[in-house]
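Here's the letter readout for the chains.
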Amino acid sequence: MFAARYLGNAGEAEDVVQEVFVTVWKQAARFDPARGRASTWLYRITANRCIDQRRRRALRTFIGLDDVRDEVASPEPDAEATTAARQELAIVRDGLSRLPERQRMAVLLRAVGDLDIAAIAEVMGGSAGSAEQLLVRGRRALRDHLRDHLRDHLAMAAEGRERKSS
């Protein structure tokens, strides 16, 4: 789930998870429980593979090899509620995608991985203080993004009402 949220692409996340399993299988003897928890070790491997995948994606984009995927409309009976939920999720994903990479990673490790500050610091190779600052800045940026989006949405709605009444 961390990889999917970090990368924003289920297919790429599946590839990353596969790479993680292969790495864990090959490197299992190198795991040292005295240095940290197994879950932290797995998140560190996953985070590294996600960074590698983003670099590969950036290269493909630069070269022009990205493929465009069309989304199919949902046939679910409550399509309006589903659409609203997807729009909200899209806003959050957009906010996450705008965060600097280390802030995004810290926020996702906390939100998706449910890791504490010490574990996030360990995964990211930094201090607890730096991990906490990344979380504070990332959360603030997300709140600002959501606030700005809501403000813009409300302004457009008010403008639409004014046009109808004129």
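Conventions adopted
Residues numbered from 1 in each chain as written. Predicted model: local features only at pLDDT ≥ 70, side-chain atom pairs only at ≥ 80, totals over all residues. Heavy atoms only, no water. Phe/Tyr/Trp six-rings, centres within 6.5 Å; stacked < 30°, edge-to-face > 60°. Helix = DSSP H or I, 4+ residues; strand = E, 2+ residues; numbered from the N terminus. Lys NZ or Arg CZ within 6 Å of the ring centre and 35° of its normal. Core = buried A, V, L, I, M, F, W, Y, C linked by side-chain atoms within 4.5 Å. Buried < 20%, exposed > 50% of the residue type's maximum accessible area, 1.4 Å probe, protein only. Contact = heavy atoms within 4.5 Å.

**Things to note about the packing of aromatic side chains**
Part 1: Taken as a whole, this structure holds three aromatic pairs when the rule is applied.
Part 2: The interplanar angle of 45° and the centroid separation of 5.2 Å between the aromatic rings of F31 and W41 together place this pair among those described as tilted. Taken as a pair, F31 in the loop between α2 (10-27) and α3 (38-63) and W41 in helix α3 lie far apart in primary sequence, 10 residues in all.
Part 3: Through successive ring pairs, a cluster of aromatic residues spans F2, Y6 and Y43.
Part 4: For R54, the ring lying beneath its charged end belongs to Y6, and the centroid distance is 5.5 Å.
Part 5: One residue, R104, lies across the ring of Y6, its end atom 5.2 Å from the ring centre.

**Brief notes about the nonpolar core**
Part 1: Judged by nonpolar contacts, the single largest core of 30 residues is most densely connected at F2, Y6, M105, L109 and I120.
Part 2: Sorting the residues of this core by element identifies α1 (2-7), α2, α3, α5 (101-111), α6 (117-124) and α7 (128-165) as the ones contributing at least two each.
Part 3: Contact partners of F2, with chain neighbours within four places excluded, come to Y43, T46, A47, C50, M105, L108, L109 and V112.

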